[in-house]
Each structure stands twice: as C-alpha cells, then as structure tokens.
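Breakdown of the fold
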Amino acid sequence: MLAVAFFNDPLILFLTGLSLLVLFFWYFATEIESRKRNIGTVLIFGIVGLCLLAVTPLKDKLKGGIDIVGGSAFALRIEPKKDENGNPMPVTPDQVEEAMRVIKNRLDPMGKSEPLIARQGDDGILVQMPGVTPEESAEIRTTLETVAKLELKEVHPRNGEPGLAQRVLDGVEIIPGYRAYEFTQKNEDGIETTTPILLKRQPALDGSNIQNAIPSIQRGDAVDITLNREGEDKMIALTKDMRPNIDRIAIVLDGKVISAPSVQTVPLGKDFIITGLDNSDERKSLANALMNPLVNKLNVDQERTVSPTLGAAFVKQGIFSALAGLALTALFIFIYYRTAGLVALIALLINSVMLFGIMAMFGFTFSLPGIAGLILTIGMAVDANVLIYERLREEIENGKSLKSALASAYEKAFSSILDANLTTLIASIILISMASGSIKGFAITLTIGLVASMFSAILATRVLFRWGIDTGVLRKLTFLNLIKNPKFDFLGKAKVCAVFSCILIALSLGTFAVKQKSALGIDFTGGTIVTFQLGDTNVPLADVNKALEGKPLVRQAIAQEQKIVGSDTLLTIRADEKDGDKVVEILRNEIPFLGEKDADGKYLRAASQEEVSATLSGNFLKEALVALSLGILGIFGYIVFRYEVSFAIGAIVAVLHDILIAVGIVVLFGGQLSQIHVAAILTIAGYSINDTIIVFDRIRESLLIRTGEIKDIMNEAVNQTLSRTLLTSSTTIFTIVILAVFGGAALRDFSITIFVGLIVGTYSSIFVASPIVLWWSQRKGGNLRKDVLTTILAGEANATKDPT
C-alpha cells in the first residue's frame, strides 16, 4: 500500500528524485572526506529504498516477456476495403505489413512490452502480449480494433433549432450536404444523455492532417492536437468566418461524435484540443491511435491465453541455473579478494536492486534478450570491481598505505571503467532509438544495468571502504594472486594469430555461403503453424519438445500451449513449411493422447496448418543492422576522441571478428540462428568492446609514463591487464556453463553462443586488437605515443576553450 501511494503521487516522487539528484552532485562536488562518506551513505540508502519500494511485491511489479511468462494472444482478421460497387477487395501484402506496423506502434510505442506479432495466412495477424491481466486484455482489444479515423466536421448553424436534427435523423427531412449523428455526452451530474447533432457530410480535416497528438498537460479530459501545414490551412479556411462562442466544430472518431465544442476564437490555427475523454488511459490510447491510424479495420476473431514460448520448465531451469551461476561467481570473488570481495558482493547486491527497481518503476519487460543484458551488466559490474582491486593490489605492492592505495586505485581505474561503460552505453542508446522488439529490450536492460553498475562499483564500494577505514575495522587487505608478473610476448605472436583469425573468419563466412537460408531458424524464416485441438485437456510442453528433439526437421520447431478464452485448449507448433506434416506425424506417434482415434479411424484431436510469417521480420533485421552499424560508428567516434584512430580501428575489427567467428562456429556445428542468438550476439559485442577498452586504457597510460620501444610497452600493458581479463571472463563463464548444462535446450543454445563468444573475445582483446593498433599506427611511419599525446592535448584544449 505504501509503495502504491508513493508512486501514484507525482509530487512526492518528483521531490524524492530531485533530492537524490542534489545529493549525487553534492557527493562529487565536496572535497571533505567525512562529508563525502555521509552523503554517499544517504544516497545509497535513498536509491536502494526507492528501488525496493518500486519492486515490491516482486511478483506483481516485474513484468516478464511472452517467452518467459506467457500472456494473451489475439487472432486478428483484416477487414478488406470495398470498391465503388461495395464489393470487398482482396487484402494485399502491403496492407498486412502496414497493419502490423501500426499494431506494433500502438501496443509498444516506448519499446517496453515486446509484443510478438506475425502474419498468419493471407489476411490474418497473430498478436501475443506478455503477462497481461483480464482488464488489460480488454483494453488491448479496444486498442487493436480502433481504426482511429478522425474527422473534423462543421456543425450546421441551425443545429439548435428545436427538432431539426431529430427530423433529419429519422429521415423525415433532408438537408443537402448534411447528415445527423447521435451524440452522447455527460451533464454536470455525470449523467449521460444522447441527442442528435447535424453535421456536414464532407469533413473539413481528417487524420492525415495530424502532425502530433499527445495527452493534454493542462486538462485531464483532453488530447492536444498539432496539425501539419496543410491541416493548418484547412483549419483557418474552416474557422475564419465562424462566429465566436456560437458556431461549433464536431470531432468524429470512427463515425462516433466524441465532442462538439463551440469556437472560442477565430480563426483557429495549427493547435487545438479534443475534450470529453474519461480518464488518462483513454487519453493515452486515443493519442497513440491518432498517431498510428489503421488503413483497414481489424476484427478480433479469437482471444487466447498463451503459455511461455520457452516453456515453464525452461523458466524454472533458467532461474535455478542463473542463481547457481551467480552464487559460484560470488563465492569465487569472495575467496579470491576476501574482505574486498565481500565489499564487491554488497555492491553487486545494490546493483541488482537498482536494476530490478528501475525496470519495475518504468514498466519495462524482462524477456530472454533482457536477461542477456542483465548477464552482461553483472559481468561488467564484476569487471569494474576486478579492475579496482587489481589496481589496488599494485598500489599496495608499491608500499602505499591502505587509504592512499584505495584513493589511487579508484582514480586510476576510473578512466578504464568510464570508457568501457560509455562505449557500451553509446551503442545501447543508439539501439534503443533505432531498433525495436527484443533488441530494444536488450538495450534498455543494458542501459539501466550500466548506470547501476557504475554507481555500485565507483560510489557504493568507495563509501563502504571509507567506513571501514574511518571506523578502524579495515586495516589491511590481502588477495590471492594466481598470475604473478606475467611476461608473455603477445605482440610477437601477431602474424601467427592473424593467420589463425583469418582462417576462422573465412570458415565462418564459408559456412554461411554454403548453408544460406538453412542457417536461419523459424524466427527469421517463418513457415507454418500446426494447431491441435485439445478440448479441455493439456499436453505438457516438455513432452512435445522431447518428442521433437533430435528429429530430422528442416528447422527447430517451437511449441506453445494456448487456451481460447471460455473455450478449448490448443497446442500450436511453429515449424518450417516443409515440416508441417512431419510434425503432425511425429507428435501423433510419440504422444498417445494426440494419436487416439474414434471407431471410424478418425483422429479425435484435429490438427490444422496455416502459414505464419517470421516473428523477426525483414524490417526487424533492417532496423537491427542499421542500429548496430550506427552503434559501431558511435563507438568508433568515441574511441577516436578519447584515444586515437588506430585504437578505434583495433576495437571495431575485434568486435566484428568476435561476432563473425562466434556465430560462424555455432552455425558450423548445426545451430540455426533465432531470437536467442540475437541476444547472445549483442552480449558478445558488449563483452568484446569492454575487454578491448580495458586493455587499451592501460596501453595509453603506459605510453604516457614509460620510455622505450612501443611494442615492448604495449606487451607490458597487455601483461598487466592479463589477470583482470582472465578473472572477468572466468567469472562470467561460471554462469554461462551452468546455464548451458542445466538450463534446457533453449538456454543451451544461448549459453553456448556466449561461451564461444567469450573465448573468442578474450583471445581477440589480447592477440588481435592490440597488434592491429600497432600495425595501423606504424604502417606509414607513424608514432603511437606521439599520436596518443596529440589526441589528449587536443581533448584538453577543447575542454578549456572559451565557449563564447
């Protein structure tokens, strides 16, 4: 009750957020250590408390995706347009695609819900929304069926004449150019009354003239409308000769008059409001629908509840495996770093509370790609702590006191942590703005996680260490050290590694060239949806998946249980179009219930097949490729600004190298790319750039303070970060291996892809990225040290330049 009251009061929420923001800036502004410690403590408790309120109760506040919690499904049928003679015209593929685009924009305008939308048959669309309540389901149905055909019509000047509009409505009298509508409105007592209103047949403006529609800030019953240039001209022409407070304009939505206000000032321009709406949900729904009008009306043929696409067993296995992996990671950190490891674990707990709290606060959805983002952010949070502690070990070994060593370690590690997180954040923000669906879900989780991990690693752990030192509880720190003073000649192996990498890349590209479309799973290709009518009986999805596993199918089939609201249970299997009959035969043979026949030899459980489009459409792939390309360009630009061009070249080549090889190896060994692999690829890219930036930061630092051969200095820097590279990769691999072993078939594909990517990424950050930096900087007789110094001086000059 407290949480509900808190988050429903905008003023309290705003003041709380403002207070935390002030504390945050105060923390970094003050130089007094005791004050910094106290402000940081209040800030930690404030943020953690706010996030705990947001996520309580956990079951109600955290939203799962359709792949994890199931939800509601709507079988839609597109109503065909009619020709001049009133005959229905065939629904075209373009009309289906346009309807799917509008549905996506209406249901998920902010990229929070991740609905599953696919074409079914020639004129059908299947929509699945995750974890919705019956009330939300009814609202979604209304959203889907609203055409949002908006018209502004002039009210007849004689409309107020007693009985005139009623006579026209009854057909007793005809007024050329006008027709009568029924207009329902509420009086001052809230009682609805319906009266006829006489409107011009031809609309003065329609939905095509709308530039923007948003819920009104000033009025709780209105939507603010902004017209485009053509609409503004039409509005001026309509209202310039009207009489203020006498003449009226009616707003008609889908043939229903929703308001008919009198004109207050003339002429009206590009801005006006639609009033008479009941609540905030209706305002949001109308504004969204007006921005995404339907060309063809949609009819909801059937509403169903659906099981998770990955199965309930998968969810349980996944949760158990993830928790077990995280527990092993925590144990390893505690054993390796001891007291400092305990501090890191508390910071990770704070990081997790913040991540889940912010996700719940803004209503974002957790799907498998979101979980991939979660794994990546936890890995990066662990990495930040490892970076600080490895620096701390060096400072202590150099003879500094614990307090001085801590201050120096945080100062030196900050640059690496900031650069690694910002490069990932740049790509993540581009993905949010450009991509959609599961990729946007991944990027949202990753963005929130990056902010949380930066806060927990840099601020929270520092505050905890300050308390330990100031109270005398913490006097010294000891760590394990499994890799002592390594002195490997990594760059000396550059040519051998270049040949090895080229062979792997060629093998990956060759695999795709040979397999082509067969390398893609059902999510990318579409196919057929096989449906069994089960009546009131359930068939466990685990049994279905077991029956299909290992069978010679063109593509891996995806099973799901659906229950028609108030009627039968259905078993649906998405399969390749060539596998439809084979899937039916396999399931009838393997599952006795589906193979039962009546006395006439007919199957008791009917099976049907219908074409279904890819859930990851061509538009999805186009958006994803554009977003990823822009993300890589953003990373490239940032590294050029912070480091130097050769570093940017090395980082981008390493990322592309890791993705190509990881995906190629998966496909080479029989894997088929699906939405799960999209999440894994994004995770691999995140780890790759993070690993590479950490190594680059140490190289840059060493170049500025050390003399000697560039190659020797770079080798030394790579050796200095080797412990951190292997520790971070190992802790993440703990979780990934457990997910692969115990997480079920779907998680196994996901985990194996990331596992391969981690191995390749660790290799590339050591043996690929750094040699490319050296080669690129020297290819025309350049000097890397000089180039780095020039970049730093240019950055400092820009920072101090007078903005006027």
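These lines cover the structure that appears in this document, whether it is placed above or below.

About the thresholds
- Residues numbered from 1 in each chain as written.
- Predicted model: local features only at pLDDT ≥ 70, side-chain atom pairs only at ≥ 80, totals over all residues.
- Heavy atoms only, no water.
- Salt bridge = Lys/Arg side-chain N within 4 Å of Asp/Glu carboxyl O.
- Buried < 20%, exposed > 50% of the residue type's maximum accessible area, 1.4 Å probe, protein only.
- Helix = DSSP H or I, 4+ residues; strand = E, 2+ residues; numbered from the N terminus.
- Core = buried A, V, L, I, M, F, W, Y, C linked by side-chain atoms within 4.5 Å.
- Contact = heavy atoms within 4.5 Å.
- Phe/Tyr/Trp six-rings, centres within 6.5 Å; stacked < 30°, edge-to-face > 60°.
- Pairing = 2+ DSSP bridges.
- Axes fitted to C-alpha atoms, helices over the stretch in contact; angles between N-to-C directions.
- Left-handed = near helix turned anticlockwise from the far one by under 90°.
- Nonpolar A, V, L, I, M, F, W, Y, C, P; charged D, E, K, R; others polar.
- Expected span 1.5 Å × (residues − 1).

1. Notes on the pattern of salt bridges
Evaluated as defined, the whole model comprises 19 salt bridges. A salt bridge links Glu 395 to Lys 400; the nearest nitrogen and oxygen atoms lie 2.9 Å apart. A relative accessible area of 2% means that Glu 395 is categorised as buried. Owing to a relative accessible area of 37%, Lys 400 belongs among the partly exposed residues under this scheme. One salt bridge in this structure joins Lys 412 and Glu 395, with 2.9 Å as the shortest N-O distance. On the criterion of sequence distance, the pair formed by Lys 412 in helix H14 (residues 402-434) and Glu 395 in helix H13 (residues 368-397) is long-range, its members being 17 residues apart. Through salt bridges with shared partners, one network takes in Asp 419, Arg 642, Asp 697 and Arg 700.

2. Here we look at the nonpolar core
Residues Tyr 337, Tyr 389, Phe 465, Ile 639, Phe 647 and Ile 699 are the most contacted members of the largest nonpolar core, which totals 89 residues. Residue contributions to this core peak at 11 residues, all from helix H15 (residues 437-470). Apart from the residues within four sequence positions on either side, Tyr 337 is in contact with Val 386, Tyr 389, Glu 390, Arg 393, Thr 478, Phe 479 and Leu 727. Counting 21 residues, the second largest nonpolar core, distinct from the first, contains Val 530, Ile 573, Ile 586 and Leu 587.

3. Observations regarding the packing of aromatic side chains
Evaluation of the coordinates by the stated rule reveals 16 aromatic pairs. On the numbers, 5.1 Å between centres and 65° between planes, the contact of Phe 24 with Phe 28 is edge-to-face. Of this pair, Phe 24 and Phe 28 both sit in helix H2 (residues 10-29), 4 residues apart, roughly one helical turn. For Phe 24, a relative accessible area of 31% translates into the label partly exposed. A centroid spacing of 6.3 Å and a plane angle of 25° characterise the contact between Tyr 389 and Phe 479, whose relative ring orientation is stacked. With Tyr 389 in helix H13 and Phe 479 in the loop between H15 and helix H16 (494-515), this residue pair connects regions lying 90 residues apart in the sequence. Residue classification places Tyr 389 among the buried residues on the basis of a relative accessible area of 1%.

4. Focus: the side chain of Ser 770
One can find Ser 770 in helix H27 (residues 769-778). Exposure remark for Ser 770: the relative accessible area of 0% places this residue in the buried category. With near-sequence residues (within four places) excluded, Ser 770 lies in contact with Leu 491, Val 695, Phe 696, Ile 699, Met 714, Val 718 and Ser 765.

5. So, the sheet that holds strand S12 (residues 256-259)
Taken in spatial order, the 4 strands line up as S8-S5-S11-S12 in an open sheet, and their pairing is antiparallel. In this open sheet, the two edge strands, each paired with only one partner strand, are strand S8 (205-206) and S12. Bridging between strand S5 (residues 150-154) and S8 involves 2 bridges; their strand directions are antiparallel. In the sheet register, Glu 151 faces S8, and the bridge partner there is Asp 206.

6. What about the packing of helix H22 (residues 645-668) against helix H23 (residues 675-705)?
It is the contact of H22 with H23, at a shortest axis distance of 9 Å, that shows an interaxial angle of 145°. Once H22 is placed against H23, the crossing between them reads as right-handed. Contacts from Phe 647, Gly 650, Ala 651, Ala 654, Val 655, Asp 658, Ile 659, Ala 662, Val 663 and Val 666 of H22 reach H23 at His 677, Ile 681, Ile 684, Ala 685, Ser 688, Ile 689, Thr 692, Phe 696 and Ile 699. Residues of the contact of H22 with H23, tallied by class, amount to 14 nonpolar, 4 polar and 1 charged.

7. Brief notes about the pairing of S5
Burial analysis of S5 places 4 of its 5 residues in the buried class, which makes it a mostly covered element. Pairing between S5 and strand S11 (residues 249-253): 5 bridges, direction antiparallel. Of the residues in S11, the one forming a bridge with Leu 150 is Leu 253.

8. Thoughts on H22
Taking 1.5 Å of rise per residue, 24 residues should cover 34 Å, and H22 covers 34 Å from first to last C-alpha, within 8% of that figure. Taking burial as the measure, the 24 residues of H22 include 17 buried ones, the bulk of the element. Immediately beyond the C-terminal end of H22, within one or two residues, lies Gly 670, with a positive phi of roughly 95°.

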